[in-house]
Amino acid sequence: MTRTRMLIGGLDVEAADGRWLPVYAPATGELLAEVPRAGRADVAAAAEAAAAAFDGWRRTPPAARGGLLTRVGDDLAACREEIAVLLARETGNAIRLQSRPEVRSAIDLLRYFGGTATELKGETVPLGDGLLNFTTREPLGVVGAMTPWNAPVQLSTVKVAAALATGNTVVIKVSEEAPLAVLAVAAIFNRHLPPGVLNVVTGLGGEAGAALLAEPRIAKLSFTGSTVIGRMVMAAAADRVVPVSLELGGKSPSIVFPDADDDVTADGVIASMRFPRQGQSCTAGSRLFVHESIFESFLARVAEKAGRLVVGDPLDERTDIGSIINERQFGRVDRYVREAVDLGAEALTGGGRWTGSDQGFFYTPTVLTGVRHDWAAAREEIFGPVQVAIPWRTEDEVVAMANDSDYGLAGYVWSHDIDAALRTAARLDAGWVQVNRGLGQLPGLSYGGVKASGIGREFSIEGAIDAFTHRKTTTIALRERNLHVG
Ligand code: NAD
């Protein structure tokens, strides 16, 4: 049995009480490894190591901190295929369309934050003669981070790189469902960073995660995951009066105009739905609003293309769609589909388990029509390969439906009419709107949500500075110059 340890204070360690957690491959059920089942004592040890490392790290010149991050990125690039394979196995995500691009994104993020670590600029504020007033951007201290399983390497790297670039030290609690590739990346960090600067803890949300929320040495909580747990993180931050960033769920609208009834748009809509990640994406354009004049023809294109996506072994180069992460999530996805079909919805394609394998949690890419905008399938985050399609007639009507959501993470507008596209993009309540593009985040763009989708921005140095530093003011009284010196 392979046992992969966690990283605390620069050392590979087991849980203090010697407990372990199994990690399974969703596509095959194979036991891949065991990781430590960390508890309160382990989280306390990680926080202590991070607190001890903080002063040295904050005083390391930003250019030197950035240089180390860039070197981590270069080392990750050198073993990217190995990490991508591990990631595909533990997440069930297709290696070609998801795991390789995810590792690529992590490398890009490390190089981006490595290169922008020197951008921690302050301001001078004119307060009149005799006063010099300036601000500096100061790190917060030990950041407590928590991340989900759907894109674990990318979502952990973006937090860690941003927090370290800005001079903080980190304790990160990674998802129990897919911790292995992140631990492999952590080993690379550990070759370059002083001990304790980055600590990676594995374990259950209700144990290690809860301990991190209550840990007194944590100066900032940064969470990516579900809105339900996000609310608990925010309550914990309120209890301790520490700042919090939340990247939470979504139910993002994808709006297709009458002039966009073409294959490029249909491909974009499929990409935006993140079918190639089994729809397990917070930014999935899962509410597809298609103008009534092209509803049937456009959906025929989408259904035909979605139906042709190859479901199967995540490690097979021909596979477009891998396995859902676990049985619980599979059951949840299927329940939403069954409930909508019982209410009268029709699956234009998909609608059930993929029968090509008797192992794993494979689900066919599913497009539902005949769904009312107020049904659960159209309002709640399914986090699976299920897109609901709803017709619209006027711009006012579609914008009202799009914004009638608890969430506000992303939005997609598909039109070649620049006025209509930009008019609509401007009216959407979302942190990130894409016009005629359905792909993922790139380093440099500020990404995050409004409403129940979260607080704060990631992927940009501006977002990192807002999230991981405070503005410190220094005010100096300048004495009158003594003209009679000497
Ligand atoms: P989750 O909220 O269940 O878990 C996220 C992390 O929190 C995990 O590390 C988990 O162990 C931990 N956790 C769980 N219970 C906890 C508790 N009681 N106390 C402290 N920590 C706890 O989310 P998930 O199922 O891993 O991921 C799916 C969710 O993440 C979806 O809702 C998705 O939309 C969201 N997500 C958001 C973004 C974004 O950038 N906005 C990106 C990816 C995923």
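As the structure is a computational prediction, the values presented were derived from the model and not from experiment. (Residues numbered from 1 in each chain as written. Predicted model: local features only at pLDDT ≥ 70, side-chain atom pairs only at ≥ 80, totals over all residues. Heavy atoms only, no water.)

J.: Please clarify how the site of the ligand should be interpreted in this entry.
T.: Taken together, 27 residues sit near the ligand, with Lys-173, Glu-176, Ser-226, Leu-248 and Glu-381 positioned nearest. The separation between an oxygen atom of the ligand and a polar main-chain atom of Thr-147 is 2.8 Å. Taking Glu-381, its side chain carries an N or O atom lying 2.6 Å from an oxygen atom of the ligand. A total of 850 Å² of accessible area belongs to the ligand in isolation, and the protein chains cover 89% of it. In this structure the site holding the ligand corresponds to the largest pocket. Sorting the residues of the shell around the ligand by element identifies α7 (205-214), β9 (218-224) and α8 (227-240) as the ones contributing at least two each. Across the shell around the ligand, the residue classes break down as 14 nonpolar, nine polar and four charged. Each of domain 1 (6-248 + 449-473) and domain 2 (253-435) contributes no fewer than three residues to the shell around the ligand. (Near = heavy atom within 4 Å. Polar contact = N/O pair within 3.5 Å; in protein donor to acceptor, adjacent residues only side chain to side chain. Areas by Shrake-Rupley, 256 points an atom, 1.4 Å probe, with all protein chains shown as cover. 1 Å grid on protein atoms, 1.4 Å probe; cavity = no way out; pocket = protein on both sides within 12 Å on 5 of 7 lines; lining within 4 Å. Sits in = over half its atoms within 2 Å of the grid points. Helix = DSSP H or I, 4+ residues; strand = E, 2+ residues; numbered from the N terminus. Nonpolar A, V, L, I, M, F, W, Y, C, P; charged D, E, K, R; others polar. Domains from an automatic or database assignment.)

J.: Looking at this model, I keep getting lost on a nonpolar patch on the surface. Mind explaining?
T.: On the surface, Met-1, Tyr-24 and Leu-31 cluster together to form a nonpolar patch covering roughly 320 Å² of accessible area. Tracing the chain through its elements places Leu-31 in strand β4 (residues 31-36). (Patch = residues over 30% accessible without salt bridge, like charges linked within 9 Å, V, L, I, M, F, W, Y side chains within 5 Å. Salt bridge = Lys/Arg side-chain N within 4 Å of Asp/Glu carboxyl O.)

J.: Can you help me understand the domain arrangement of the protein in this one?
T.: Interface size is commonly expressed as the accessible area that is lost once the parts come together. By domain assignment, the protein separates into domain 1 (6-248 + 449-473) and domain 2 (253-435). Each of domain 1 and domain 2 was reduced to a C-alpha centroid, and the two centroids are 30 Å apart. Every contact between the two is made by 29 residues of domain 1 and, on the other side, 34 residues of domain 2. Between domain 1 and domain 2 the total buried area reaches about 2400 Å² when both faces are included, carbon and sulfur atoms providing 54% of it. Linking domain 1 with domain 2 are three salt bridges. A salt bridge links Glu-317 to Arg-100; its shortest N-O distance comes to 2.6 Å. In this assembly, domain 1 and domain 2 are joined by 17 residue pairs in polar contact (both at pLDDT 80 or more). Residue assignment for the side of domain 1 that touches domain 2 shows that the elements contributing at least two residues are α3 (80-91), α4 (95-116) and β19 (450-451). Of the residues contributing to the side of domain 1 that touches domain 2, the split by class is twelve nonpolar, nine polar and eight charged. (Contact = heavy atoms within 4.5 Å. Buried area = accessible area lost by both parts, 1.4 Å probe.)

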